[in-house]
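Here are the chains, one letter per residue:
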Amino acid sequence: MNTATECLLRMVEEHHDLEDYQGGVPRWCTGCGDNAILAAVQRLCRDENLRPEKTAFISGIGCSSRFPHYMRTYGFHGIHGRALPVAEGVKMSRPDLNVFVNTGDGDCCSIGAAHWIHAVRYNMDMTLMLHDNQVYGLTKKQASPTSPRGTKTNTSPRGSYLEALNPLTVTLGVQNVSFVAQVVDWIPEILYDVVKAAFHHKGFSFIRILQRCPEWLPTLYDPWMHDPNRILMLHHENGLQLSSGVGNTYRNQLQHDPSNIHRAREVASGLDPIPVGILYRNPEVPCYEETRHAGQQRTAEHVRAGLEAELDKYTVWPQEASRTAA
Ligand SMILES: Cc1ncc(C[n+]2csc(CCOP(=O)(O)OP(=O)(O)O)c2C)c(N)n1
Ligand code: SF4
């Protein structure tokens, strides 16, 4: 085969269409915001021509955590609250992979909260999407840490008593935070732009996606969906630039420099209007997988030698055994 033919074959082989990333048929309810997130992610994979065999989607348990089943890439549908430790293990052993994490507000902010905090601090290079429908969807409507106070659920029939936890301000309070954004599932253009910016960020990208659950909280986001002025659209030359379509629809805009963490925390505290866009981005924060291995030799021989030395510590050699017996 001559070089030109080889080249052509490789190009055909390495080009991917949307279908190449489509896994099983989604079983989410009609109108579930998870469908919009899936569409944005599959589009990103296609546009970035990500190699499916070099891409892994990791999740916990919940409706949103079914995500890896619907991607035709590697994936791991793990256990409740434990998506992040699995993702970190994957990234540590295979830093060359594109790692994505899909998690619900229960999965991340309740049972998985400790992992969430430490994952921000470790700043490993991966993209986390928090599908925040403010309720436990899969288990049929229990209150989650992000449920607004007063939400009536099976665990809070008279309305939940506590103020909702704000995942943005929590994340922005953790040492080594490097990327925080918020989007809503019903503005697909911005959803896509943010997922793309997060993917290109080197470090732990945290995206909170306000996701509709028409099954259990059908009217939750209606006030914001029906009134574009209740969305605060963030833009900046170092953040998102708005298209004329988005700019004309969402006129309540704020020029926000995402390198300013103090301003990011202020903007993140706003609940109404809902801030949408990139709140914070700092590409200078070191990634754990790099600092951890800096200056270390990691060839297979070194790993094997290290393991042998470790196992030798526990080996009882025959002459030693007979000496001990005598
Ligand atoms: C250790 C453990 N505790 C509880 C459960 C039950 N459980 C499964 S999913 C879930 C909550 C799901 O809510 P969320 O993470 O918000 O995801 P959603 O279904 O809304 O996408 C719970 C409590 C479980 N599977 N494992
Ligand atoms: S129950 Fe809610 S979160 Fe789960 S699939 Fe249905 S709409 Fe989506």
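Up top is the structure.
For clarity, every value in this text was computed on a predicted model and none was experimentally measured.

Visitor: Before we go on, may I ask you to explain the pairing of strand β3 (residues 98-104) in this structure?
Guide: Within a regular strand, the side chains alternate between the two sheet faces. Counted residue by residue, β3 has seven buried out of seven residues, so it is predominantly covered. Neither face of β3 is exposed, since Asn98, Phe100, Asn102 and Gly104 on one face and Val99, Val101 and Thr103 on the opposite face are all buried. In this structure, strand β1 (residues 55-59) lies alongside β3, joined through five bridges in parallel fashion. Within β3, the position partnered with Phe57 by the bridge is Phe100.

Visitor: What am I meant to see in the layout of surface pockets here?
Guide: In this model, the largest pocket occupies a volume close to 410 Å³. As for the largest pocket, its lining consists of 19 residues, and the residues nearest its centre are Gln134, Pro148, Ala164, Arg208 and Leu271. Breaking the lining of the largest pocket down by element, the ones donating at least two residues are β6 (204-210) and β9 (274-281). When grouped by side-chain class, the residues that make up the lining of the largest pocket number 10 nonpolar, five polar and four charged.

Visitor: Is there a simple way to explain the pattern of salt bridges in this structure?
Guide: If charged atoms from side chains of opposite charge come close, those side chains can pair. Inspection of the entire model under this criterion finds 13 salt bridges. The partner of Asp125 in a salt bridge is Lys202, with the nearest N and O atoms 3.9 Å apart. Taken together, the residues span a long stretch of sequence, with Asp125 in the loop between α5 (113-122) and β4 (126-132) and Lys202 in the loop between α7 (188-200) and β6 at a distance of 77 residues. A salt bridge links Glu266 to Arg263; the nearest nitrogen and oxygen atoms lie 2.5 Å apart. Highlighted residues: Glu266 and Arg263, both in helix α10 (residues 261-269), separated by three residues, approximately one helical turn. Given a relative accessible area of 33%, Arg263 falls into the partly exposed group. One salt-bridge network, in which partners are shared between bridges, spans Arg43, Arg46 and Asp47.

Visitor: Hey, could you run me through empty space enclosed by the protein in this one?
Guide: If a probe as big as a water molecule is rolled over the atoms, it shows which places are left empty. As enumerated under the stated definition, the model contains one cavity of 30 Å³ or more in all. Its volume calculated, the largest cavity comes out at about 50 Å³. If you go around the largest cavity, the residues you meet are Gly81, Arg82, Ala83, Leu84, Val101, Thr103, Asp107, Cys108, Gly112, Trp116 and Leu128. Within the residue set of the lining of the largest cavity, elements represented by two or more residues are α3 (83-93), β3 and α4 (105-109). Residues of the lining of the largest cavity, tallied by class, amount to six nonpolar, three polar and two charged.

Visitor: Looking at this structure, I do not really get unusual backbone geometry. What am I missing?
Guide: For residues other than glycine, phi is negative in most cases, and the peptide bonds are mostly trans. Across the junction of Asp272 and Pro273, the peptide omega takes the value 10 degrees, indicating a cis bond. Along the polypeptide, Pro273 turns up in the loop between α10 and β9. The phi torsion at Lys141 lies on the positive side, around 80 degrees, for a residue other than glycine.

Visitor: It is not clear to me how the pairing of strand β5 (residues 179-184) should be interpreted in this structure. Could you clarify?
Guide: The element β5 is largely enclosed, with a buried count of six among its six residues. Burial along β5 is two-sided: the residues Phe179, Ala181 and Val183 and Val180, Gln182 and Val184 are all buried. Inspection of the sheet shows β5 paired to β6 by six bridges, in the parallel sense. Residue pairing in the sheet places Phe179 in a bridge with Ser205 of β6. With α7 bridging β5 and its parallel neighbour β6, the resulting β-α-β unit is right-handed.

Visitor: Whenever I open this one, α5 confuses me. Can you help?
Guide: Along α5, the residues classified as buried are Trp116, Ala119 and Val120. Angularly, the buried residues of α5 cover 100 degrees about the axis, an arc narrow enough to put them on a single face. As for α5, its buried residues are in contact with α3, α4, α6 (167-172) and β6.

Visitor: Mind showing me how you'd approach the packing of α3 against α5 here?
Guide: Packed helices, taken two at a time, are described by their axes: the angle between them and the distance between them. Where α3 contacts α5, the two axes come as close as 8 Å, and the packing angle between them is 35 degrees. Within the contact between the two elements, α3 uses Leu84, Pro85 and Glu88 and α5 uses His115, Trp116 and Ala119. Taken together, the residues of the contact of α3 with α5 break down into four nonpolar, one polar and one charged.

Basis of the calculations
- Residues numbered from 1 in each chain as written.
- Chains lettered and ligands numbered in written order.
- Predicted model: local features only at pLDDT ≥ 70, side-chain atom pairs only at ≥ 80, totals over all residues.
- Heavy atoms only, no water.
- Buried < 20%, exposed > 50% of the residue type's maximum accessible area, 1.4 Å probe, protein only.
- Helix = DSSP H or I, 4+ residues; strand = E, 2+ residues; numbered from the N terminus.
- Pairing = 2+ DSSP bridges.
- 1 Å grid on protein atoms, 1.4 Å probe; cavity = no way out; pocket = protein on both sides within 12 Å on 5 of 7 lines; lining within 4 Å.
- Points joined across faces, edges and corners; volume = space filled by probe spheres on them.
- Nonpolar A, V, L, I, M, F, W, Y, C, P; charged D, E, K, R; others polar.
- Salt bridge = Lys/Arg side-chain N within 4 Å of Asp/Glu carboxyl O.
- Right-handed = clockwise from strand over helix to strand, strands pointing away.
- Arc of directions from axis to C-beta.
- Contact = heavy atoms within 4.5 Å.
- Axes fitted to C-alpha atoms, helices over the stretch in contact; angles between N-to-C directions.

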